[in-house]
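# Report on the structure
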Amino acid sequence: MSGSKPDILWAPHHVDRFVVCDSELCLYRTESVGNFEAKAGSLRLSEDTTATLLAINSDTPYMKCVAWYPKYDPECLLAVGQANGRVVLTSLGQDRNSKCRDLIGKEFVPKHARQCNTLAWNPVDSNWLAAGLDKHRADFSVLIWDISSKYTPEIAVPAEKVRLSAGDTDAGLVVTKPLCELGQNDASLSLCWLPRDQKLLLAGMHRNLAIFDLRNTSQKIFVNTKAVQGVTVDPHFHDRVASFFEGQVAIWDLRKFEKPVLTLTEQPKPLTKVAWCPTRTGLLATLTRDSNIIRLYDMQHTPTPIGDETEPTIIERSVQPCENYIASFAWHPTNQNRMVVVTPNRLMTDFTVFERISLAWSPTTSLMWACGRHLYNCSEEGEASSGEKDVATKMRQRALSRYGLDTEQVWRNHLLAGDDDPQLKSLWYTLHFMKQYAEDADQKSLNRVPLVYSGIKTIVKSSTERKTENYKHGWTGCDRQMDFIRYQSEERSLALQLCGWIQKGPDIDVAPFLNSLEEGEEWERAAAVALFNLDIRRAIEILNKGAALGKGDLNLNVVAMALSGYTDEKNSLWREMCSSLRLQLNNPYLCVMFAFLTSEPGSYDCVLYESSVAVRDRVAFASMFLNDSQILRYIDKLTNEMKEAGNLEGILLTGLTKDGIDLMESYVDRTGDVQTASFCMLQGFPSDVVKDPRVQYWIENYRNLLDAWRFWHKRAEFDIHRSKLDPFSKPLAQELESLMKRLISVKTRNWLSSITGLLGVRTVVMEVMLVICSVGSGIIMNAQCQPVTVNACSWIQLETSSQQKHPRAKTHEYKGLLSLKTFMCIF
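Source: prediction; values computed, not measured.

## Quick look at the overall build of the protein
The secondary structure content of the protein amounts to 27 helices and 38 strands. Buried positions account for 51% of the 827 residues belonging to the protein. Of the roughly 39900 Å² that the protein leaves accessible, carbon and sulfur atoms contribute 50%.

## Details of the packing of aromatic side chains
Following the criterion strictly, the structure yields 27 aromatic pairs and no others. Plain terms: the ring middles of Tyr-609 and Tyr-634 are 5.4 Å apart, the flat faces sit at 80° to each other, and that makes the pair edge-to-face. Of this pair, Tyr-609 sits in the loop between helix H15 (605-608) and helix H16 (615-625) while Tyr-634 sits in helix H17 (residues 628-645), and the two are 25 residues apart along the sequence. Between Phe-679 and Tyr-702 the ring centres are 5.8 Å apart and the planes differ by 65°, which places this aromatic pair in the edge-to-face class. On the criterion of sequence distance, the pair formed by Phe-679 in helix H20 (residues 674-681) and Tyr-702 in helix H22 (residues 693-708) is long-range, its members being 23 residues apart. Clustering of aromatic rings is evident, with ring pairs tying together Phe-484, Phe-532, Phe-596, Tyr-604, Phe-621 and Phe-625. The ring centre of Tyr-403 lies 5.5 Å from the NZ or CZ of Arg-398, which sits over that ring.

## Quick word on the pairing of strand S24 (residues 283-288)
The element S24 is largely enclosed, with a buried count of six among its six residues. Burial along S24 is two-sided: the face carrying Leu-283, Ala-285 and Leu-287 and the face carrying Leu-284, Thr-286 and Thr-288 are both buried. Relative to S24, strand S23 (residues 271-276) runs antiparallel, the two sharing five bridges. Across the sheet, residue Ala-275 finds its bridge partner in S24, namely Ala-285. Hairpin connection of S23 to S24: six residues between the antiparallel strands, including Gly-282 at a positive phi of 70°. By the bridge criterion, five bridges tie S24 to strand S25 (residues 294-298) in an arrangement that is antiparallel. Considered in S25, the bridge of Leu-284 is made with Tyr-297.

## Points about the sheet that holds strand S7 (residues 77-82)
Read across the sheet, five strands follow the order S6-S7-S8-S9-S13 without closing on themselves; strand pairing throughout is mixed. This sheet does not close on itself; its edge strands, each paired only once, are strand S6 (63-68) and strand S13 (174-175). In terms of strand pairing, S7 meets strand S8 (residues 87-91) through five bridges, oriented antiparallel. When the sheet's bridge partners are listed, Leu-77 is paired in S8 with Ser-91.

## Comments concerning the packing of H20 against H22
Each pair of packed helices can be described by the angle between their axes along with the distance between the axes. It is the contact of H20 with H22, at a shortest axis distance of 8 Å, that shows an interaxial angle of 125°. Here H22 runs oblique to H20, going by the angle between their axes. Where H20 crosses over H22, the handedness of that crossing is left-handed. Contacts between H20 and H22 involve Val-674, Gln-675, Ala-677, Ser-678, Phe-679 and Met-681 from the former and Val-695, Trp-698, Ile-699, Tyr-702 and Leu-705 from the latter. Looking at the contact of H20 with H22 residue by residue, the classes come out as nine nonpolar, two polar and no charged.

Rules and cut-offs
- Residues numbered from 1 in each chain as written.
- Predicted model: local features only at pLDDT ≥ 70, side-chain atom pairs only at ≥ 80, totals over all residues.
- Heavy atoms only, no water.
- Helix = DSSP H or I, 4+ residues; strand = E, 2+ residues; numbered from the N terminus.
- Buried < 20%, exposed > 50% of the residue type's maximum accessible area, 1.4 Å probe, protein only.
- Areas by Shrake-Rupley, 256 points an atom, 1.4 Å probe, with all protein chains shown as cover.
- Phe/Tyr/Trp six-rings, centres within 6.5 Å; stacked < 30°, edge-to-face > 60°.
- Lys NZ or Arg CZ within 6 Å of the ring centre and 35° of its normal.
- Pairing = 2+ DSSP bridges.
- Axes fitted to C-alpha atoms, helices over the stretch in contact; angles between N-to-C directions.
- Parallel < 35°, antiparallel > 145°, perpendicular 65-115°, else oblique.
- Left-handed = near helix turned anticlockwise from the far one by under 90°.
- Contact = heavy atoms within 4.5 Å.
- Nonpolar A, V, L, I, M, F, W, Y, C, P; charged D, E, K, R; others polar.

The following block contains the structure:
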């Protein structure tokens, strides 16, 4: 290597030692120092490691290649190939046992002097050393030396020309007769032994790659190619070989040696080295001339080639261990993805190639990732608050609690959600009131069933086509004479019902609603609703009651006292003080109470646009105090805000219409909650809502989630729920019946019919269920059929006919329906 760039070699059996080869051999030992200061005389390789020089050997000039003895004993024996073709065994002075002393200084001399390009020790029979030489007429270029050979005296060699190792003064031995000669009339540029057979040697000759078998040297397997340099075998896949030519790397499969299975991207500069990682499957590193970049090719997942046109895929990336140009590099033999690089001026860097991290979510929201040989799993620990939980975790817990499946008391579904989400609460109360109104026989006779699902926006628009009554209404339980203009119509009463303020009937009676709010200890909201209904005395009583129980706002007594002094004089001190007090209150309902009392008639923006007040309360207030033009503008504006924000409270306005789907789409985009979206839209009365592609997408995604969680029964319950609410979906009984006809062969049907009379219908159903391995999962398996995806079943119809094949079989005909619950009980 005299006059060339330095090379670097790790010791095969000492994980802390490496050799730098240039004009001399330098042995280094690495140490981990962490945050401590490096020892005097040591070289800093990285933040955590240093290198200490142990020995120098300068007795082997004109080095062209070096190979480290593969066995542990002797531990520091190296073979050096020289420019004149000689191979010298030398040491770095670390081992002085008898075996090492006998080998150090031994030279292996070819017949004709020419450059030694490469050396390779046999990994099994370590006495064999292969040397690749330049071409010399008709001479052989691949010589196999046996280092245990004795001195051959046929050729006299002057003693002064025999190179000795440091410390050895005895006359060296010269071996001139190789064990085997290969590659006649050619040049050998690279060599490597094939691990699958110790007798096979792969050589990169001048124009081809050749596989020599030492048991029959007259024959060889070869393929013509220019990629003959740097041949190296993947240590984890012994049939995979890499070689290069100029800027191109060829990957070979020795089982199909006709052509490369893969040719890597050609580099703009010539390559100088390629090496497989010894600790990582399928990771190849390449280095180009005058570069500080090492390019990595990950072939870990490369499939075995099947056809001639099959070309495996790889993942390519680059790393930069240092700022200077890199002369050579060497993988560490045991430490994962670790390498040491050396620059032309012998600066060294210890570097670790970090693995690409592959992430994967489990269906139960556990996070798993792979990094090298390690597999990490991260799951939720402890009880996180509902706001901190992932939406998938929430949906999974809600599915276990049968969320969305309560069709009798629809409002209870918000309790099954398990958290106090005001939007979910508003949504399910809205759907409850819609269902309650639709089931009223008196209202059905008025043909209002579609209207109630259209939302308050449509209801209010329809009210403008009719005459809206307005009347003056004074305070109840108060001697104040101020009157408020209120508006009333059949549609506005329906809007108040959907808001939950009043119950069915022509009269506006909020007393039941106030009682329910008091039971829920919503004192501020109850007082505000009472005040909006112009019952100031009831509002004061509610505030006093809340203050007495000590569970309401601390300002309840103060607000009650302020209300008791209400006056309708515009310039009174009371109005001035209440306007100031309103800004100091934290509860939004207490704020809007004073905003209402201090507002000018017909101007209630401080109430209508208080975003912290529930939408249903603001809409109910608007239904009573805004005229037709005002309420239309307000409802349109509020609807657009709800749709843009994806606020579920806006379903009260949009209903289960196209606007409702747009709102729900914004909600799903914001939260990913396809569970709520599916159950909500299935409540829609018009079939066009359920047929919308977005709704079908949410439904199918939720069904897939249940399958991924292995909630087979929950999926079946959802499909039953869907079939009840969506009359236009295909009946599940028909779906299973057609499926059974496809799956069960004629022979199987005859078997079912013959044994029905003997074993009974219940046993036969159990046997049929053994054929249907996973009804809940939707995967039907049969030994004679391919898997077919179907929906879960609410009803299963079985038909059996009499057969006389079994002597004890009775003639029995059964035709009926078996519910899914009975199905589950069978197991």
